[in-house]
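# Per-entry structural report
In case you want the letters, here they are:
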Amino acid sequence: MRAHHRAGHRYSARDARRSEGAHAAGNRPPREARTAAPWRGGVLAGVRPNIVALTVLAALGAALALVAILEFRDCSADRGSANERARLFAVRDTDDAAAHIDRELDTFAVTIRELAGALGDGSLDRAGVPAALTQRLATLHNVSGIAVAFEPGTDDGGVSDAPLAIRRHGRVVLDALAGAGDAGYTTLAWYAGAKASGEAGWAAPLPVDGSAMRAAYAAPFTLPGQAGAGFGGVVLGSYEIGYFAYEPAWHDLAADGYVFVVGAAGQYLEHPLASWVGRPLDPGATCGTDAALASCGQLPAFATAAGAATAGERTLIQLTDPLTLEPAWLLVAPIPGPQWTLGAVVLERSLLTRTADQQRALVRGGIAALAAAALMLLVALRVDRVSQLRLWLAAVVVSAAALGGISWIWYLELTTPATVASDASGTDFLEQITPYRGLGAEEVHAGAFVQSIEFTGANDVQVTGTVWQVFRGQTAEERGIEPGFHFPEAESVTLDLLYDVQTDAGQQIGWGFTMTLREVFDHRQYPFDQEDVWIRMRPREMTVPVLLLPDVPSYELLAPSSLPGVADDILVEGWRVNDSFFSYRLNTYNANFSPLNLIDADAGDLMPELYFNVLISRLFINPFVSNMVPLMVVLLLLFAVLVLTTRHEERKQVFGFSTIGVLGYCTGLFFVVILAHNQLRNSLGAGEVIYLEQFYFAAYLMLFAVSVNTILFSAGRGGWFIQARDNLIPRLLYWPLILVSMLVLTFFAFD
């Protein structure tokens, strides 16, 4: 009994000494209290928490992994179906363009045959031929000339004549066919062929000025009253193949690459590169004339496709385009009348665009995959065995997963092709303007070339360059149209007349411009915002309905990624130029601007307005360095303050920790953040909360949270959440809380 009493006494004394030592070491709790986790127990008391926790984490990880797989699969399927739809639309546009050109050529051929028939039945006599030619040519803008070549001897032994109506400098004038004086035209192929066959048809195209091709349609006729109704001559029409590019259907097809025409003999009749016009499709001949051509091996595919289309077949093949050296799709369709081939090269980068649904699926799939990986890693680290090291590892894993999710969304935004940021959208020109072409509006072709773009304010941009108008067939004065533009968004415009010339295509007038545009830009996704700097072009003429069409022949390529109408050396400070293109917008107004004839009475709208768009995206590195890096430094310094929060007297003395000091430090950081925040809003002039501001709001919240935590910790308040392990829980939650919340905000900002 005494021994037992002594043993108990020795134990009590040793325990008392340990307690005194603990108080001397800074009031540390006993080892048992320091080891036990205060968040254990409760609903998990009496249960094996390690198995339950691991099972829950593993199940969540597997579920998220399945979600990621499904999202990526849906994205792949949607991408495949979207690309297939894009190819089908490209095939449709090719067929539509070929059919449109064939109808144009058929209308032209009918006109020539009607003239031949009128001469044959006597309804048109020789004296009325010049006036008839002039009248017909004035209605056919793509036709360069119409002639009647009479057979020698049909004028009762006199000298044969060959009257010709031709376009010169945009005007229809009368002249005589070459060789009319000595009937030398009778030796030409088109005349001899029509005379020999006795049937109307297309002759072999001939080069014009070495950079264009002209197609000839010849129709023989007989003169009434001649013995035996003998051969009377040939009506000849010359069609400018290059004028196809003025048609809206051509623009729709060329918007994603370029378009060309191949003749029945296998040579290029029209091509974006003027030097290729007249070249044969034969690979050896073509490559031999251009040693710099790097993809001559693809030319046999062109020849095969062209041959199939000439035979009436439609073809779609994948190849490397010999002009741009990029992966592309070659689509060909027949033009039955003259047995030509219309070809379109559609660049794959134009087809393989990422849709909004694909973007969302990639975002969701990536975040789910990162979350699944984080949960599986937590299971591997056995975080259920609650210890300080494992808790810090868990905090690092969660923070890294959240940071990875943010980086994944940023990467997708930076690699997503630019999209139209304004309402000036839609490039299906033929569909949009067809209802207005039959309303009697004057059609004027317009073009733009942008030399420089400079932001002078949040919503002000200064643009310099050149704009021009092409009046086909007749001059602006003859058509009763005042040349020039009106730019509605321009605060100030300076226009300088550069040229006013008349060519066979018509009158061309160009102006150099400097304008300051006032446009509304959307900065909500700053610094990942993409903007559309557009030039809205209205005709200056307000008393006559005018429909502006893009001047397609002035551009080598119309694919937006090739930046048609934008200077090669353009530099937009802080921005990257991505695309440029024409588009239409049907604007409605609550005023009729007085001249009622501008309004389509059926549609109740003005004529569709032509836009020239330049899509730009902000360079990420500049705002990241100027805004994100200082903000991250502030958050790191704030975390350092949280780490230094302690009750240990020795650490207090070493680091100089005090509640008042922490509050003063947080106040200083607050002023740093708020000044940077105000500078950001002032520079953008944003009227709404932008994406990057959410990081500033997170910094404000953490400054407040750290201040409150310090006060509660110093006052011994806040329970185990604040006091446990010398303020361990707030430190563990600091980065996971910030980064997970920013991941959620980023997800919804770009969803």
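Cut-offs used in this document
- Numbers given for residues are sequential positions, taken from 1 along each chain in its written order.
- The predicted origin of the model limits local features to residues at a pLDDT of at least 70 and limits the giving and counting of side-chain atom pairs to 80 or more, whereas totals for whole chains, interfaces and linings rest on all residues.
- Side-chain figures throughout are based on the complete set of non-hydrogen atoms in the structure, without hydrogens or water.
- Working definition: helices are DSSP H or I runs of at least four residues, strands are E runs of at least two. Numbering for both runs from the N terminus.
- Only protein chains enter the accessibility calculation, which uses a 1.4 Å probe; a residue whose area is less than 20% of its type maximum is buried, one above 50% is exposed, and one in between is partly exposed.
- Throughout, a contact is declared for two residues whenever any of their heavy atoms are within 4.5 Å.
- Here the accessible surface of atoms and residues is derived via Shrake-Rupley with a 1.4 Å probe, and residues count as covered only by protein chains that are part of the display.
- By this rule the span expected of a helix is its residue count minus one, scaled by 1.5 Å.
- In short, DSSP must find at least two bridges between two strands for them to pair.
- Axis geometry follows a simple rule: fit a line to the C-alpha atoms, using only the stretch in contact for helices, then measure angles between N-to-C directions, giving values from 0 to 180 degrees.
- An angle counts as roughly parallel when it lies under 35 degrees, as roughly antiparallel when it exceeds 145, as roughly perpendicular when it falls between 65 and 115, and as oblique in every other case.
- Helix crossings get a hand from a simple test, with the near helix turned counterclockwise from the far one by less than a right angle marking a left-handed crossing and a clockwise turn marking a right-handed one.
- Polar here means any residue outside two lists: the nonpolar Ala, Val, Leu, Ile, Met, Phe, Trp, Tyr, Cys and Pro, and the charged Asp, Glu, Lys and Arg; Gly therefore counts as polar.
- In this text, buried Ala, Val, Leu, Ile, Met, Phe, Trp, Tyr and Cys residues form a nonpolar core when linked through side-chain atoms within 4.5 Å.
- Two aromatic rings from Phe, Tyr or Trp, using only the six-membered ring of Trp, form a pair when their centres are within 6.5 Å; if the ring planes differ by under 30 degrees the pair is stacked, by over 60 it is edge-to-face, and anything between is tilted.
- Two conditions define a charge located above a ring, namely a distance within 6 Å from the ring centre to NZ of Lys or CZ of Arg, and an angle within 35 degrees of the ring normal.
- The pLDDT value tells you how sure the predictor is about a given residue, anywhere from 0 up to 100.
- Each salt bridge in this description consists of a side-chain nitrogen of Lys or Arg and a carboxyl oxygen of Asp or Glu lying within 4 Å of one another.

### A few points about the overall build of the chain
What the chain contains, in helices and strands, is 18 helices and 21 strands. Counting across all 751 residues of the chain, residues that qualify as buried make up 46%. Partitioning the contacts of the chain with sequence separation of at least 6, the portion at a separation of at least 24 is 68%. Counting every atom, the chain has about 35300 Å² of accessible surface; 58% of that belongs to carbon and sulfur.

### Focus: helix α15 (residues 659-684)
Spanning 26 residues, α15 covers 38 Å between terminal C-alpha atoms, matching the ideal 38 Å at 1.5 Å per step. If you check which residues of α15 are buried, you get Val 662, Cys 666, Leu 669, Val 673, His 677, Leu 680 and Leu 684. Looking at the buried positions of α15, the neighbouring elements they touch are β21 (609-618), α13 (621-644) and α16 (693-714). Looking one or two residues past α15, Gly 685 carries a phi angle of roughly 60°, positive in sign.

### Comments concerning the side chain of Glu 71
Positionally, Glu 71 belongs in helix α3 (residues 49-121). Dropping the residues within four chain positions of it, Glu 71 is found in contact with Ala 361, Arg 364 and Gly 365.

### Examining the environment of Leu 497
Position of Leu 497 relative to the elements: it lies in strand β16 (residues 490-503). For Leu 497, a relative accessible area of 56% translates into the label exposed. Each C-alpha atom of the pair Leu 497 and Trp 468 lies 9.6 Å from the other, and the pair is 29 residues apart in sequence. In this structure, Leu 497 is in contact with Ile 509, Gly 510 and Trp 511, ignoring residues within four places of it in sequence.

### Here's the deal with the sheet that holds strand β20 (residues 575-585)
Strand order in the open sheet formed by 4 strands is β15-β18-β21-β20, with antiparallel pairing between adjacent strands. The strands lining the two open edges of the sheet, one partner per strand, are β15 (485-486) and β20. The pairing of β20 with β21 spans 10 bridges and is classified as antiparallel. Across the sheet, residue Ser 583 finds its bridge partner in β21, namely Tyr 611.

### What to know about the packing of helix α11 (residues 388-415) against helix α18 (residues 728-749)
When two helices pack together, you describe them by how their axes are tilted relative to each other and by the distance separating the axes. Two numbers describe how α11 lies on α18: the axes approach to 9 Å, and their chain directions differ by 15°. One finds that α11 runs roughly parallel with respect to α18. The handedness of the crossing between α11 and α18 comes out as left-handed. On the side of α11, the interface is formed by Gln 388, Leu 391, Trp 392, Ala 395, Val 398, Ser 399, Ala 402, Leu 403, Gly 405, Ile 406, Ile 409 and Trp 410, while α18 contributes Leu 728, Arg 731, Leu 732, Trp 735, Pro 736, Leu 739, Val 740, Met 742, Leu 743, Thr 746 and Phe 747. Taken together, the residues of the contact of α11 with α18 break down into 18 nonpolar, 4 polar and 1 charged.

### Concerning α16
Over its 22 residues, α16 extends 32 Å from the first C-alpha to the last, a length consistent with the 32 Å expected when each residue adds 1.5 Å. Backbone geometry just after α16 places Gly 716 at a positive phi near 75°.

### Here's the deal with the pairing of strand β14 (residues 460-472)
Of all 13 residues in β14, 12 are buried; the element is thus mostly enclosed. Pairing geometry for strand β13 (residues 442-455) and β14, over 10 bridges, is antiparallel. Each bridged residue has a counterpart across the sheet, and for Glu 454 the counterpart in β14 is Gln 462. Hairpin geometry of β13 and β14 is characterised by an intervening segment of 4 residues between the two adjacent antiparallel strands. By the bridge criterion, 13 bridges tie β14 to strand β17 (residues 506-518) in an arrangement that is antiparallel. From the neighbouring strand, Thr 464 faces β17, where its bridge partner is Thr 514.

### Section: the nonpolar core
Among the nonpolar cores identified, the biggest contains 97 residues, and Trp 250, Leu 342, Val 463 and Met 537 are the most heavily contacted of them. Among the elements that line this core, the one with the most residues is α3, at 11 residues. Ala 402, Leu 680, Ala 698 and Met 702 belong to the second-largest nonpolar core, a separate cluster that totals 46 residues.

### Observations regarding the packing of aromatic side chains
For any pair of aromatic rings, the description rests on two quantities: the centre-to-centre distance and the angle between the ring planes. One pass over the structure, following the stated rule, counts 42 aromatic pairs. Pairing Tyr 691 with Phe 695 gives two aromatic rings, centres 5.6 Å apart and planes at 90°, and the pair type is edge-to-face. Taking relative accessible area as the criterion, Tyr 691 reaches 1% and is therefore assigned buried. One aromatic cluster is present, formed by Phe 108, Trp 202, Tyr 217, Tyr 239, Phe 244, Trp 250 and Trp 340 through successive ring pairs. In this structure, Arg 472 is placed above the aromatic ring of Tyr 246, and the distance from its NZ or CZ to the ring centre is 4.3 Å.

### Things to note about the confidence of the model for the chain
Across the chain, the average pLDDT comes to 79, with 80% of residues at or above 70. Low pLDDT (under 50) marks residues 283-297, which in the prediction has 23 contacts with non-local residues, meaning those over four places away or in another chain. Note that pLDDT drops below 50 for residues 420-427; the model gives that stretch 27 contacts with residues more than four away or on any other chain.

### Thoughts on the environment of His 251
By the secondary structure assignment, His 251 is in helix α6 (residues 248-254). For the pair His 251 and Val 552, spaced 301 residues apart in sequence, the C-alpha to C-alpha distance is 6.7 Å.

### Quick look at the pattern of salt bridges
Across all of its chains, the model carries 14 salt bridges by this definition. Residues Arg 92 and Asp 93 are paired through a salt bridge, measuring 2.9 Å at the closest nitrogen-oxygen approach. Taking the relative accessible area as the measure of exposure, Asp 93 reaches 18% and is therefore buried. A salt bridge links Arg 136 to Glu 114; its shortest N-O distance comes to 3.8 Å. Note that Arg 136 is positioned in helix α4 (residues 129-138) and Glu 114 in helix α3, a separation of 22 residues in sequence. A cluster of three or more residues bridged by salt bridges with shared partners is formed by Glu 489, Arg 536, Arg 538 and Glu 609.

### Side note on the sheet that holds β14
The 5 strands lie next to each other as β16-β17-β14-β13-β19, forming an open sheet whose pairing is mixed. Because the sheet does not close on itself, it has two edges, and the strands there are β16 and β19 (546-550). Between one strand and the next, the sheet's axes are offset by a mean angle of 30°, whatever the strand orientation.

### Some words on the packing of helix α10 (residues 356-381) against α11
As a packed pair, α10 and α11 sit with axes 10 Å apart at the nearest point and diverge in direction by 165°. Considered as vectors, α10 and α11 are oriented roughly antiparallel to each other. Considering only the axes of α10 and α11, their crossing is right-handed. From α10, Gln 359, Leu 362, Val 363, Gly 366, Ile 367, Leu 370, Ala 374, Leu 377, Leu 378 and Leu 381 reach across to α11, where they touch Arg 390, Leu 393, Ala 394, Val 397, Val 398, Ala 401, Gly 404, Gly 405, Trp 408, Ile 409, Leu 412 and Glu 413. Residue classes in the contact of α10 with α11 are distributed as 16 nonpolar, 4 polar and 2 charged.

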